[in-house]
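Topology and contacts: notes
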Amino acid sequence: MSEQSTDLRETVRQRYAAAAVKVTEGGAACCGPEPVEVDENFGSTLYAANDRDALPADAVAASLGCGNPTAVAELREGERVLDLGSGGGIDVLLSARRVGPIGKAYGLDMTEEMLALALANAAKAGAANVEFLKGTIEAVPLPANTIDVVISNCVINLSTDKPAVFAETFRVLKPGGRIGVSDVVADDTLTPDQRAERGDYVGCIAGALSFAEYRAGLEAAGFTDVEIIPTHPVADGMHSAIVRATKPVTAERARPTAESSDACCGVYACCTPAETSVDPALTVTESKTASGCGCQD
């Protein structure tokens, strides 16, 4: 990972850690926590009142997204759901209710403070079918072909390695699995510099992909039936959008780009942040072990 990418990730981590602390400290006050986001384009106002009312106040207050992915993912009873960048847990808890006791909802986040808040919210909600994992969305700590639905709420735009996010999402999904994501997407006419002029990276603007870039990234990872539908504007030429796509039932992982196409140690892009297993049924660690290769770091 480049120094710039590392710096951006740390900036994002600090922003969300501060948001979690704000909610936690506000929850101890007599009147409860104030929402972190009060903009009409972001936060808990994008959820139906009956959804908000059924959750712990801290989970609602910590909502930082640009949509409601649980409303578009068409979750079904018994499914296993993964929320990328789960924050305070609002989408994990809503997903857990929709998939029922025989289903399961995972939340993945890199921020200790948000994970602590999410665990507290799950306990308050009495949710037994949830699990929160620490990690990054570029390297999901789950086996391949184990998840029915991947959701995310205004988080993928924050990644500095979106091809890795799409590849990991594809890997963990079962054949026939799907994504239901809310994210910020830019008009195709806007250059990266023009997107940066409309907002900063941690504000979910500067790092947004265009519609064409988003579609191409998902298709390069192997997804089909890609659908990107804008829902409301968040800046000039920038939109909150619903993103849907499917992992084919007979999916074969898309071959990586030429610069990382050679495989060694049982993985592509060996010993880099973009490592992915040649065999999608195995984790990177399992592939390296099976290959007997000495490249283990």
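Before any of the text, the structure's been laid out above.
As a starting point, this report considers the structure included with it. Just so it is clear, the structure is predicted and the values come from calculations on it, not from any experiment.

A look at the overall build of the protein
Scanning the protein for helices and strands turns up 10 helices and 11 strands. The buried share of the protein, reckoned over its 297 residues, is 54%. The contacts in the protein between residues at least 6 apart in sequence include a share of 68% that link residues at least 24 apart. On the protein, roughly 12,900 Å² of surface is accessible, and the fraction owed to carbon and sulfur atoms is 53%.

Here's the deal with the pattern of salt bridges
The full count for this structure, using the stated rule, is 9 salt bridges. Put simply, Arg 198 and Asp 236 hold a salt bridge, and the shortest N to O gap is 3.4 Å. Taken together, the residues Arg 198 in the loop between helix H8 (192-197) and strand E6 (209-210) and Asp 236 in the loop between strand E7 (224-235) and strand E8 (238-246) connect sequence positions 38 residues apart. Judged by its relative accessible area of 58%, Asp 236 falls in the exposed class. Ionic contacts of the salt-bridge type, sharing partners, join the residues Arg 76, Glu 79 and Arg 178 into one network.

Side note on the environment of Arg 178
Mapped onto the fold, Arg 178 is located in strand E5 (residues 173-186). In this structure, the C-alpha to C-alpha distance between Arg 178 and Val 149, residues 29 residues apart in sequence, is 5.1 Å. When neighbours within four sequence positions are excluded, Arg 178 is seen to be in contact with Ala 73, Glu 74, Leu 75, Arg 76, Glu 79, Asp 148, Val 149, Val 150, Leu 173, Ala 245 and Thr 246. A polar contact is formed between the side chain of Arg 178 and the backbone oxygen of Glu 74, at a distance of 2.9 Å.

Brief notes about the packing of aromatic side chains
A complete count under the given rule lists 2 aromatic pairs for this structure. Ring geometry for Phe 166 against Tyr 214: centres 5.5 Å apart, planes inclined by 45 degrees, an arrangement best described as tilted. With Phe 166 in helix H7 (residues 162-172) and Tyr 214 in helix H9 (residues 211-221), this residue pair connects regions lying 48 residues apart in the sequence. For the pair Phe 166 and Tyr 214, a shared accessibility class is recorded, and that class is buried.

Conventions and cut-offs
Residues numbered from 1 in each chain as written. Predicted model: local features only at pLDDT ≥ 70, side-chain atom pairs only at ≥ 80, totals over all residues. Heavy atoms only, no water. Helix = DSSP H or I, 4+ residues; strand = E, 2+ residues; numbered from the N terminus. Buried < 20%, exposed > 50% of the residue type's maximum accessible area, 1.4 Å probe, protein only. Contact = heavy atoms within 4.5 Å. Areas by Shrake-Rupley, 256 points an atom, 1.4 Å probe, with all protein chains shown as cover. Salt bridge = Lys/Arg side-chain N within 4 Å of Asp/Glu carboxyl O. Polar contact = N/O pair within 3.5 Å; in protein donor to acceptor, adjacent residues only side chain to side chain. Phe/Tyr/Trp six-rings, centres within 6.5 Å; stacked < 30°, edge-to-face > 60°.

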